[in-house]
Amino acid sequence: MYHIYESRSKEKILVLLIKITLLLVSFFCIYKISITDFKRRIIPDIYLYPLTLIGLLFIQYSLITDYYQSSIASIIGYGLGILIGFIFKKNSEDTPIGMGDIKLLACGGIWLGINGLAIAIVISSMFAIIWGIIKKQKYIPYAPFFFSGSIISYLISYLFLL
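Here's what I pulled together on the structure shown here. Everything quoted here is computed from the prediction, not taken from an experiment.

Considering the nonpolar core
Alright, step 1. The biggest cluster of nonpolar side chains holds 23 residues, and the ones touching the most others in it are I33, L51, L104, F146 and F147.
Alright, step 2. At the level of elements, helix 1 (2-40), helix 2 (45-58), helix 4 (99-135) and helix 5 (142-160) are the ones that each hand at least two residues to this core.
Alright, step 3. Top element by residues in this core is helix 4. It accounts for 10 residues.
Alright, step 4. Those residues in contact with I33 that lie beyond four places of it in its chain are I42, I43, Y47, L48, L51, A143 and F147.

Observations regarding the packing of aromatic side chains
Alright, step 1. Taken as a whole and judged by the stated rule, the model has seven aromatic pairs.
Alright, step 2. Between Y142 and F146, the ring centres sit 5.9 Å apart and the planes meet at 35 degrees, which makes this aromatic pair tilted. Of this pair, Y142 and F146 both sit in helix 5, four residues apart, which is roughly one turn of that helix.
Alright, step 3. We classify F146 as buried; its relative accessible area is 1%.
Alright, step 4. What links up through ring pairs into an aromatic cluster is the set F38, W131 and F145.
Alright, step 5. Positioned above the aromatic ring of Y61 is the side chain of K19, whose terminal nitrogen or guanidinium carbon lies 3.9 Å from the ring centre.
Alright, step 6. Over the aromatic face of Y139 sits the side chain of R41, whose NZ or CZ is 3.9 Å from the ring centroid.

What counts, and at which threshold
Numbers given for residues are sequential positions, taken from 1 along each chain in its written order. Predicted model: local features are reported for residues with pLDDT of at least 70 only, side-chain atom pairs are reported and counted for 80 or more only, and whole-chain, interface and lining totals are derived from all residues. Excluding hydrogens and water, the side-chain values take into account all heavy atoms of the structure. Put simply, a nonpolar core is a bunch of buried Ala, Val, Leu, Ile, Met, Phe, Trp, Tyr and Cys residues held in one set by side-chain atoms that sit within 4.5 Å of each other. A simple rule labels every residue: compare its accessible area, found with a 1.4 Å probe on the protein chains alone, to the largest value its type can have, and call it buried under 20%, exposed over 50%, or partly exposed in between. Secondary structure is summarised from DSSP: a helix means a run of H or I of at least four residues, a strand means a run of E of at least two, and numbering begins at the N terminus for each. Any two residues having at least one pair of non-hydrogen atoms within 4.5 Å are treated as being in contact. Pairing of aromatic rings covers Phe, Tyr and Trp, the last counted by its six-membered ring, and requires centre-to-centre distances within 6.5 Å; plane angles under 30 degrees mean stacked, over 60 mean edge-to-face, and any other angle means tilted. For a Lys NZ or an Arg CZ to count as sitting over a ring, it must be within 6 Å of the ring centre and within 35 degrees of the ring normal.

Right, dumping it as structure tokens:
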């Protein structure tokens, strides 16, 4: 009996260490994406894809979303990004949103679910607009603001279990 309990305890510790490692990798990817978008206006897939895959792994432990909601939110995020790009491309030469931003919205949908993604988009857009007005810049790196909005959205969703 003691050996079974000890084995389960070791298994739980191993799972916890794996979760912590994956979260640290996620934060590293978020940091690298934000810095690269801010400096060079690109979102490298080498950091975005691991973040997306880790999000898929963490859905089973999430209190705010499930696989169904995450799938729908990912499609909504991607579709919304494509729609914004299409509308602005039709009306002007510049597109305000790149493919990296579009994939980032899809990734955010996986992590946050439908309600969380909506909250994150609203919050991050407000932050980005305020920053753009203050800095008087035409191009705004969206990733740092999206991650800020996503963290706030996750906290709101977790506190109120939307």
